Amino acid sequence: FQFFWLSLNVWLFGKTFLLYNQGLQYYYLHQMLGLGLCVSRASASVLNLNCCLVLLPMCRVLLAFLRGSQKVASKKTRRLLDKSKTFHVTCGVTICIFSVLHVAAHLVNALNFSENYNEEFVTLNAANYRGEVSQLYLMSLLVPGLTGVIMVLVLFLMCTASTYAIRVSNYDIFWYTHNLFFVFYMLLMLHVSGGVLKYQTNLEEHPPGCFNPNKTLQENLTVPKAFEELFPDYTTEPFPEDLPVPEPFVQNSFMRVCSEEPKFQSHFPETWFWISGPLCLYCVERLYRCIRSNKPVTITSVISHPSNVLEVRMMKDDFEARPGQYVILHCPRVSALESHPFTLTMCPTDTKATFGVHLKVVGDWTERFRDLLLLHSNQDTEILPIFQQRRYPKLYVDGPFGSPFEESLNYEVSLCVAGGIGVTPFASILNTLLDGWKCYKLRRLYFIWVCRDIESFRWFADLLCMLHNKLWQENRPDYINIQLYLSQTDGIQKIIGEKYQALNSRLLIGRPRWKLLFDDIAKCNRRKTIGVFCCGPNKISKILHKLSNSSNSYGTRFEYNKESFS
């Protein structure tokens, strides 16, 4: 996908480059600026396209609607929507690359405007006089120069704060700098309003390089002797309008006669056409999300789990969600501007309106949020009843939004692999199956959960046991295949006695042997299409992706879907 998008941008760059290099309307401007004109305009066209499309993957409501609509989006289309984050990152990288080209080309243009000052067509010039070599002074006089410098600084902040190291060490920096995109787009709309580059509008009346008989001999004639032979009585007075033009000048290809002076006009800002639609769509969606989430939810219970994991159960009027979706939580007492996404581990159903999330306490925001909810309790586990509701901080929920895991119930066979807290999207799927599994297409589920700490399995041990017992009672023990892997064996022990005997028998030590696992699943499901879903570290997801794309001798096809919290 990245190769295709890069090829498309290179093609657009080359197409625009040739237009400005060969177009007659840019003849005089090209004589002044040379290749700097072509490179600056070609890179600008690529920037217009990517600045237009980089916002679309961030329209979460639109993506959730398309993903959930069976009529609008097929399975292949929904799998393409799963690449929205990748597309957003690809557009961002493209913007950075071609912004460097754009800035470099305009620095060359600023120098050429000074060195190649056109005294014949003064309106083409951006400099005040020939030899005005102070580029910084020249750019400071122009709106495009000032806005361009600020946009480069904003883009630099956004790009550097988007790196993996910054996002992991300090997510707040990434969040705040990324919200500078609004400043970037406002400056972009001002940036194109300068009208520095101009094109010729009267090509028919004044073809580039034509001969103007109303000009003086020194200004128009490149072959003085030939002109003197034809016009021996020529003076510096204006050329008589009623005097017929000699035939040689009409027939000679390089001596075409022009009827008027060239007229130049600034380009209409095309960038507005590119970004106005997506920007308005994004703003409308943000307004809709603000209205939808302006009412706080009712927190029904808060549970502290082992390994610094907090479970929050809540209720909200008219809230509907599908298994695998996620919501964005905003707590003003924690941060007035900051909000974070969390996958739903429990979805509302026809019989219960409660939904919930599990969040791992790993940063400043989650630490402050935990302290507010648990009221600085030192107990390992605490369930706060509804009569203490007035002591909970206000919590706003935006969503739900779609994710690749919604498709896990639409395969006949699914393989779900979780790493640590990455089990949360699969928890909502397991809860849904506990309520009833016969209405879904799914007929066999392979559930692989890898954890470093054995206490982590207690997060959803009750849920796994209840689902296991339910399927045994319905004579479908083969519906779900549970495999729990403990990667670190320090202090190994059973999960919890006899209560979780079904899980103790499925607890394995070490890491999964992925190749053997895929071969075994392919052998048991010959000539079937299996959905592979992963939420965990990138190392695991890369291995699963590679194995999904490899062939096998059983005719089994693996379709890879991935969610990463890295």
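Residues numbered from 1 in each chain as written. Predicted model: local features only at pLDDT ≥ 70, side-chain atom pairs only at ≥ 80, totals over all residues. Heavy atoms only, no water.

- Going by an unreviewed UniProt entry, the protein carries the name NADPH oxidase 4 and comes from Falcunculus frontatus.

### A short note on a nonpolar patch on the surface
At step 1: There is a patch of nonpolar side chains on the surface, built from Phe 268, Trp 272, Phe 273 and Trp 274 and spanning about 460 Å² of accessible area.
At step 2: Along the chain, the position of Trp 272 falls in helix α15 (residues 271-292).
At step 3: Its relative accessible area of 32% is what places Trp 272 among the partly exposed residues. (Patch = residues over 30% accessible without salt bridge, like charges linked within 9 Å, V, L, I, M, F, W, Y side chains within 5 Å. Areas by Shrake-Rupley, 256 points an atom, 1.4 Å probe, with all protein chains shown as cover. Salt bridge = Lys/Arg side-chain N within 4 Å of Asp/Glu carboxyl O. Helix = DSSP H or I, 4+ residues; strand = E, 2+ residues; numbered from the N terminus. Buried < 20%, exposed > 50% of the residue type's maximum accessible area, 1.4 Å probe, protein only.)

### Re the pairing of strand β11 (residues 480-486)
At step 1: The buried fraction of β11 amounts to six of the seven residues, a majority that puts the element mostly inside the structure.
At step 2: Note that the unit made of strand β10 (residues 444-451), helix α18 (residues 461-473) and β11 has a crossover that is right-handed. (Right-handed = clockwise from strand over helix to strand, strands pointing away.)

### With respect to the UniProt feature "transmembrane region" (unreviewed entry) in the protein
At step 1: Mapped onto this numbering, the UniProt entry annotates "transmembrane region" (unreviewed entry) at residues 42-66, 87-108, 136-161 and 173-192.
At step 2: With 76% helix and 0% strand, residues 42-66 has its two end C-alpha atoms placed 33 Å apart.
At step 3: Helix makes up 85% of residues 173-192 and strand 0%, whereas the separation of the span's terminal C-alpha atoms amounts to 29 Å. (UniProt positions renumbered as here; feature names shortened; annotations may be inferred.)

### Section: the packing of aromatic side chains
At step 1: Under the defined criterion, the tally for this structure stands at 21 aromatic pairs.
At step 2: Aromatic pair Phe 181 and Tyr 185: ring centres 6.4 Å apart, planes at 80°, arrangement edge-to-face. Taken together, the positions of Phe 181 and Tyr 185, both in helix α11 (residues 181-191) and four residues apart, correspond to about one turn of that helix.
At step 3: On the basis of an interplanar angle of 75° and a centroid distance of 5.2 Å, the ring pair of Phe 405 and Phe 426 is categorised as edge-to-face. Taken together, the residues Phe 405 in the loop between β8 (396-401) and β9 (413-419) and Phe 426 in helix α17 (residues 424-435) connect sequence positions 21 residues apart. Residues Phe 405 and Phe 426 agree in their burial class; the two are buried.
At step 4: A network of ring pairs unites the aromatic residues Phe 405, Tyr 411, Phe 426, Phe 447, Trp 449, Phe 457, Trp 459, Phe 460 and Phe 533 as a single cluster. (Phe/Tyr/Trp six-rings, centres within 6.5 Å; stacked < 30°, edge-to-face > 60°.)

### A word on the sheet that holds strand β5 (residues 326-330)
At step 1: As summarised here, the arrangement of the six strands in space is β3-β4-β7-β6-β5-β8, forming an open sheet in which the pairing is antiparallel. The open sheet has two free edges, formed respectively by β3 (298-305) and β8, since each of these has just one partner strand. Direction aside, neighbouring strands of the sheet carry axes that sit 35° apart on average.
At step 2: Examined bridge by bridge, β3 and strand β4 (residues 309-315) share seven bridges and lie antiparallel to one another. Considered in β4, the bridge of Ser 304 is made with Leu 310.
At step 3: Running at roughly 125° to β8, α15 makes contact with β5 and β8 of the sheet. (Pairing = 2+ DSSP bridges. Axes fitted to C-alpha atoms, helices over the stretch in contact; angles between N-to-C directions. Contact = heavy atoms within 4.5 Å.)

### As for the pairing of β9
Both faces of the sheet carry side chains from a regular strand, because those side chains alternate between them.
At step 1: For β9, the buried fraction is high: seven of the seven residues fall into the buried class.
At step 2: In terms of strand pairing, β9 meets β10 through seven bridges, oriented parallel. By the bridge assignment, Leu 415 is partnered in β10 with Tyr 446.
At step 3: Regarding topology, α17 serves as the crossover connection from β9 to the parallel β10, and that connection is right-handed.

### A few points about the pattern of salt bridges
At step 1: Taken as a whole and judged by the stated rule, the model has 15 salt bridges.
At step 2: Notably, a salt bridge pairs Asp 398 with Arg 289, separated by 2.7 Å at the nearest N-O pair. Within this pair, whereas Asp 398 is found in strand β8, its partner Arg 289 is found in helix α15, the two being separated by 109 residues in sequence.
At step 3: What makes Asp 398 buried here is its relative accessible area of 10%.
At step 4: Accessibility expressed as a relative area gives 7% for Arg 289, which makes it buried.
At step 5: Arg 313 is the salt-bridge partner of Glu 311, the closest N and O atoms lying 2.7 Å from each other.
At step 6: Here the salt bridges do not stand alone but share partners, grouping Glu 285, Arg 289, Arg 292 and Asp 398 into one network.

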